[in-house]
Amino acid sequence: MIKKSQATEEGSDSELNVDAIIIGAGFAGLLALYKLRQAGLTVLALEASDSIGGVWNWNRYPGARCDVESMQYSYSFSEELQQEWEWSERYATQPEILRYIEHVADRFDLNRHVRLNTRVVSATYKEHENAWKIQTHEGREIRARFCIMATGCLSAARIPEFPGKDRFKGDILHTGHWPKSGYDFTGKNVAVIGTGSSGIQAIPMIARTARSLTVLQRTATYSVPARNRMLDEAEKRAWKDNYAQLRETARYAPSGTLYEFGERTAEETSLQEQAAEFEKRWTKGGPGFLRAFSDISSSPIANKAAGDFIRAKIADIVQDPEKRRLLTPAITLPVGSKRICVDTGYFETFNRSNVDLIDIRDDPIKGIEENGLSTQKRKLDLDCIVFATGFDVIVGSLMKIDIKGIAGRTLKGKWKNGPGTYLGLMVAGFPNLFLVTGPGSPSVLTNMMVSIEQHIEWITACLQTMRQQGKNYIEPEEAAESKWMDDANSLAETMPFLRANSWYMAGPESGSSPRRFMLYSGGVGTYREICDRVAQQNYPGFKICDRHPVLDVAADLS
Ligand code: FAD
Ligand code: NAP
């Protein structure tokens, strides 16, 4: 039985033993805190940073904003909250999203259960106590029956090792670890390495004030215009008057986002009509471009049509023929095999006289020196290098924690050939440990707010059911986990993902076996139905009992 212990208060000793420890205080951690506390559990959230907000606290680079429209990239759990909050732009900026998160934390009195500046370094399951022992970087220990890993999929910023990096006398920045005080690029010679979503948002902004900007690109990226703008009152009203129903529809939409979904296939549509539809969506802006036809992710012909349209747009926009060639994504790279980027003036930026582009496949980076960076063919004098090189994705922050389950088995060891979970929520051998938007769930393929809310609701309901049944122990079965991951990988075979070398894939560290798709690509609606069915059927695929089953047997024998 989960015992109710004293409510945790900042600084009091009672926090050393809580029902549920939550690691991370971004969107997921804060919602877990709220929901589990409401369910009567004692909770504490530990956050490595000195502020709450997760991604929206760390990624303060110029141009950072959401790519799911603000009216949809927000919590739906409170009708009052969604009615009272006023988003100003179609795609909110990082400062506005962070203000929203801070408002939520104040409104629901969450801060008193968050311990900032506290990095969790290890989590060890103690069989005899049926509890997790959490150790922080300062050596503090906390015991919790349940451990909720809200550590984020894109929270472990990655700077690749280029020789000489430590010798550089200028400034080194990473988009995902941006200084709180901001950074002034005025008059500086700057290089940006990386052209994913972060690079594509930052590059046009940096180019405005930098003396010179050199972009070092490894893979040309598909990007569509955001067409960001202020939201007008009528538009906001239309959302707010129908929020309950719209949110419910989004929960079952393929990626958790409402778009105008094209019902026709591209294959059955004439080339002229295809072009008109793509043009309409390009003009409207946003990732809804990929919803123009129902077969863009399933038919190579339809996918190529979407890619060809973007390639033609790049050709129209970029004036310099060499830059145009380098910025054009390869025909062999399917659109949507990596998350499509949404930009504001990205391709246009390369028409500026202060912006240059280097293709590092053709001209690799040799190293970084005191005053700049050398490629095989060029030498750049630089004041600043911005790494927009992404993250150790999905499992990166988890892998930084020394997680030990039953019999001291490490999660790192278990996942050395790629991560495995049952339903994306739990791992065999690691009882009472829940992952939020982890591998094997729809996660970053979706509107993350929808996925986060679904996971937290499922976990909360599961713990409530266990409490009603007097159970304290939950662990998935190995067989259920293997089948889940095999099914997820088979599903991905029908999608464009496996045809690109993207970070959606994971593989053995040795690279000896084929890389596998890490996520569930069957859509958030189908996924939700599966998770709900498992709960309704009293959790098939999970062992649920009073405590660690081996200890139960031992107790029966004695
Ligand atoms: P995070 O926000 O990453 O929070 C995790 C927290 O855990 C962090 O604060 C971290 O410091 C903390 N933490 C990690 N390890 C430890 C540890 N060992 N000890 C203590 N604390 C720890 N998704 C969308 O759906 N739409 C978007 O438009 C969108 N835009 C994005 C823009 C950027 C720049 C990035 C990087 C991601 C974006 N995402 C977007 C994805 C984003 O990850 C999610 O939308 C969401 O913010 C994730 O929330 P989270 O709480 O799960 O994780
Ligand atoms: P990313 O998508 O992983 O992009 C990283 C970029 O760095 C890629 O261009 C990559 O090239 C390049 N790179 C990585 N290692 C390199 C190396 N060693 N040398 C040279 N180049 C290297 O990371 P991100 O742009 O930070 O975006 C990550 C995710 O965060 C997105 O997919 C999205 O989910 C989210 N995000 C969303 C928004 C938004 O619009 N709301 C903004 C930012 C981030 P390759 O392509 O060749 O690997």
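These numbers come from a predicted model, not from an experiment. (Residues numbered from 1 in each chain as written. Chains lettered and ligands numbered in written order. Predicted model: local features only at pLDDT ≥ 70, side-chain atom pairs only at ≥ 80, totals over all residues. Heavy atoms only, no water.)

*Asks:* Could you give me a rundown of the nonpolar core, with the residues and numbers involved?
*Replies:* Core analysis: the biggest nonpolar cluster contains 160 residues, and Phe-27, Tyr-75, Met-149, Phe-434 and Trp-458 have the highest contact counts within it. Here this core takes nine residues from helix α14 (residues 448–468), the largest share from any one element. The residues contacting Phe-27, other than those within four sequence positions of it, are Trp-56, Tyr-73, Tyr-75, Ile-97, Tyr-100, Ile-101, Met-449 and Ile-452. Judged by nonpolar contacts, the second largest core, of 14 residues, contains Phe-168, Leu-216, Ile-360 and Ile-368. (Core = buried A, V, L, I, M, F, W, Y, C linked by side-chain atoms within 4.5 Å. Buried < 20%, exposed > 50% of the residue type's maximum accessible area, 1.4 Å probe, protein only. Helix = DSSP H or I, 4+ residues; strand = E, 2+ residues; numbered from the N terminus. Contact = heavy atoms within 4.5 Å.)

*Asks:* So what's going on with the packing of aromatic side chains? Which residues, and what values?
*Replies:* Applying the stated rule across the entire model yields 36 aromatic pairs. Between Trp-85 and Tyr-100 the ring centres are 5.2 Å apart and the planes differ by 70°, which places this aromatic pair in the edge-to-face class. Taken together, the positions of Trp-85 in the loop between α3 (79–84) and α4 (94–107) and Tyr-100 in helix α4 put the pair 15 residues apart, joining distant regions of the chain. The exposure class assigned to Tyr-100 is buried, which follows from its relative accessible area of 1%. Pairwise contacts between aromatic rings join Phe-27, Tyr-34, Trp-56, Tyr-73, Tyr-75, Phe-77, Trp-85, Trp-87, Tyr-100 and Phe-108 into one cluster. When the ring centre of Tyr-252 is taken as origin, the NZ or CZ atom of Arg-528, which lies over that ring, is 5.6 Å away. (Phe/Tyr/Trp six-rings, centres within 6.5 Å; stacked < 30°, edge-to-face > 60°. Lys NZ or Arg CZ within 6 Å of the ring centre and 35° of its normal.)

*Asks:* Just give me the short version of the sheet that holds strand β15 (residues 379–381), but keep the residues and values in it.
*Replies:* The sheet built from three strands is open, its strands ordered β13-β14-β15 with antiparallel pairing. The open sheet is flanked by β13 (365–369) and β15, the only strands paired with a single partner. Going across the sheet, the axis of each strand differs from the next one's by a mean of 15°, ignoring polarity. Pairing between β13 and strand β14 (residues 372–375): four bridges, direction antiparallel. By the bridge assignment, Gly-367 is partnered in β14 with Ser-374. (Pairing = 2+ DSSP bridges. Axes fitted to C-alpha atoms, helices over the stretch in contact; angles between N-to-C directions.)

*Asks:* Just give me the short version of the packing of helix α1 (residues 27–38) against α14, but keep the residues and values in it.
*Replies:* As a packed pair, α1 and α14 sit with axes 10 Å apart at the nearest point and diverge in direction by 30°. The angle between α1 and α14 falls in the class roughly parallel. Note on packing geometry: the crossing formed by α1 with α14 is right-handed. Contacts between α1 and α14 pair Phe-27, Ala-28, Leu-31, Ala-32, Lys-35 and Leu-36 from the former with Met-449, Ile-452, Glu-453, Ile-456, Glu-457, Thr-460 and Leu-463 from the latter. Broken down by class, the residue content of the contact of α1 with α14 amounts to nine nonpolar, one polar and three charged. (Parallel < 35°, antiparallel > 145°, perpendicular 65-115°, else oblique. Left-handed = near helix turned anticlockwise from the far one by under 90°. Nonpolar A, V, L, I, M, F, W, Y, C, P; charged D, E, K, R; others polar.)

*Asks:* So what's going on with the side chain of Asn-432? Which residues, and what values?
*Replies:* In this fold, Asn-432 is placed in the loop between α13 (411–414) and β18 (433–435). Within the local environment of Asn-432, its side chain forms a polar contact with the backbone oxygen of Arg-145, the two atoms lying 3.3 Å apart. (Polar contact = N/O pair within 3.5 Å; in protein donor to acceptor, adjacent residues only side chain to side chain.)

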